[in-house]
Amino acid sequence: MMVIAEASSSADTSAIESLFWITVAAAASPILSRITRGYVPDVVILLVCGMAIGPHLLGWADVDSVQILSELGLGMLF
(Lines give C-alpha, C1' and ligand atoms only; values in the text may rest on other atoms or scores of the structure.)
Protein backbone atom coordinates (compact mmCIF):
# COMPACT_ATOMS: atom_id res chain seq x y z
CA MET A 1 0.00 0.00 0.00
CA MET A 2 2.86 2.35 0.78
CA VAL A 3 4.43 1.83 -2.66
CA ILE A 4 1.27 3.06 -4.40
CA ALA A 5 1.21 6.21 -2.26
CA GLU A 6 4.87 6.91 -2.97
CA ALA A 7 4.40 6.44 -6.73
CA SER A 8 1.42 8.78 -6.72
CA SER A 9 3.35 11.40 -4.77
CA SER A 10 6.32 11.38 -7.16
CA ALA A 11 4.02 11.68 -10.21
CA ASP A 12 2.32 14.73 -8.69
CA THR A 13 5.68 16.27 -7.86
CA SER A 14 6.89 15.75 -11.41
CA ALA A 15 3.85 17.54 -12.81
CA ILE A 16 4.28 20.46 -10.42
CA GLU A 17 7.99 20.75 -11.24
CA SER A 18 7.24 20.68 -14.96
CA LEU A 19 4.64 23.41 -14.61
CA PHE A 20 7.05 25.44 -12.51
CA TRP A 21 9.78 25.36 -15.18
CA ILE A 22 7.29 26.15 -17.93
CA THR A 23 6.04 29.14 -15.93
CA VAL A 24 9.59 30.34 -15.29
CA ALA A 25 10.36 30.18 -19.02
CA ALA A 26 7.13 32.01 -19.88
CA ALA A 27 7.85 34.75 -17.34
CA ALA A 28 11.54 35.14 -18.20
CA SER A 29 11.19 35.32 -21.99
CA PRO A 30 9.65 38.83 -22.22
CA ILE A 31 12.20 40.10 -19.70
CA LEU A 32 15.08 38.68 -21.73
CA SER A 33 13.55 40.10 -24.89
CA ARG A 34 13.45 43.57 -23.33
CA ILE A 35 17.04 43.22 -22.13
CA THR A 36 18.15 42.52 -25.70
CA ARG A 37 16.15 45.60 -26.79
CA GLY A 38 13.98 43.52 -29.09
CA TYR A 39 16.80 42.16 -31.24
CA VAL A 40 15.81 38.66 -30.17
CA PRO A 41 12.02 38.22 -30.38
CA ASP A 42 10.08 36.81 -27.45
CA VAL A 43 8.98 33.79 -29.48
CA VAL A 44 12.58 32.80 -30.21
CA ILE A 45 13.44 32.93 -26.53
CA LEU A 46 10.37 30.84 -25.70
CA LEU A 47 11.36 28.21 -28.26
CA VAL A 48 14.95 28.05 -26.99
CA CYS A 49 13.77 27.78 -23.38
CA GLY A 50 11.30 25.07 -24.38
CA MET A 51 14.02 23.09 -26.08
CA ALA A 52 16.35 23.56 -23.11
CA ILE A 53 13.93 22.44 -20.38
CA GLY A 54 12.35 19.71 -22.50
CA PRO A 55 12.93 15.99 -22.08
CA HIS A 56 15.70 15.72 -24.68
CA LEU A 57 18.14 18.27 -23.22
CA LEU A 58 17.81 18.99 -19.49
CA GLY A 59 14.70 16.94 -18.80
CA TRP A 60 13.16 19.40 -16.35
CA ALA A 61 9.73 19.32 -18.04
CA ASP A 62 8.14 15.95 -18.68
CA VAL A 63 5.76 15.61 -21.63
CA ASP A 64 3.41 13.16 -19.91
CA SER A 65 2.78 15.39 -16.91
CA VAL A 66 1.75 18.44 -18.95
CA GLN A 67 -0.18 16.66 -21.71
CA ILE A 68 -3.44 18.52 -20.96
CA LEU A 69 -1.60 21.85 -21.03
CA SER A 70 -0.16 21.12 -24.47
CA GLU A 71 -3.58 20.09 -25.81
CA LEU A 72 -5.13 23.25 -24.38
CA GLY A 73 -2.48 25.39 -26.05
CA LEU A 74 -2.99 23.67 -29.38
CA GLY A 75 -6.75 24.18 -29.10
CA MET A 76 -6.28 27.89 -28.40
CA LEU A 77 -3.95 28.16 -31.35
CA PHE A 78 -6.62 26.81 -33.70
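A brief report on the enclosed structure follows.

What counts and what doesn't
- Residues numbered from 1 in each chain as written.
- Predicted model: local features only at pLDDT ≥ 70, side-chain atom pairs only at ≥ 80, totals over all residues.
- Heavy atoms only, no water.
- Phe/Tyr/Trp six-rings, centres within 6.5 Å; stacked < 30°, edge-to-face > 60°.
- 1 Å grid on protein atoms, 1.4 Å probe; cavity = no way out; pocket = protein on both sides within 12 Å on 5 of 7 lines; lining within 4 Å.
- Points joined across faces, edges and corners; volume = space filled by probe spheres on them.
- Helix = DSSP H or I, 4+ residues; strand = E, 2+ residues; numbered from the N terminus.
- Nonpolar A, V, L, I, M, F, W, Y, C, P; charged D, E, K, R; others polar.

1. Overview of the packing of aromatic side chains
Two descriptors summarise a pair of aromatic rings, namely the distance from one centre to the other and the angle between the planes of the rings. Counted according to the given criterion, the structure contains 2 aromatic pairs. Note on Phe-20 and Trp-21: the rings are 5.1 Å apart at their centroids and 70° apart in plane angle, and the pair reads as edge-to-face. Among the aromatic side chains, those forming a connected cluster through ring pairs are Phe-20, Trp-21 and Trp-60.

2. Things to note about the layout of surface pockets
Approximately 250 Å³ is the volume attributed to the largest pocket. Every residue lining the largest pocket is listed: Ile-22, Gly-54, Pro-55, Ala-61, Asp-62, Val-63, Val-66, Gln-67, Leu-69 and Ser-70. With 3 residues, the top contributor of residues to the lining of the largest pocket is helix H3 (residues 67–77). Estimates place the volume of the second largest pocket at around 160 Å³. Surrounding the second largest pocket, Ile-22, Ala-25, Ala-26, Leu-46, Leu-47, Gly-50, Met-51 and Ile-53 form its lining. Of all the secondary structure elements, the ones that give two or more residues to the lining of the second largest pocket are helix H1 (2–35) and helix H2 (42–53). With 5 residues, H2 is the single largest residue contributor to the lining of the second largest pocket. Here the lining of the second largest pocket is built from residues that sort into 7 nonpolar, 1 polar and no charged.

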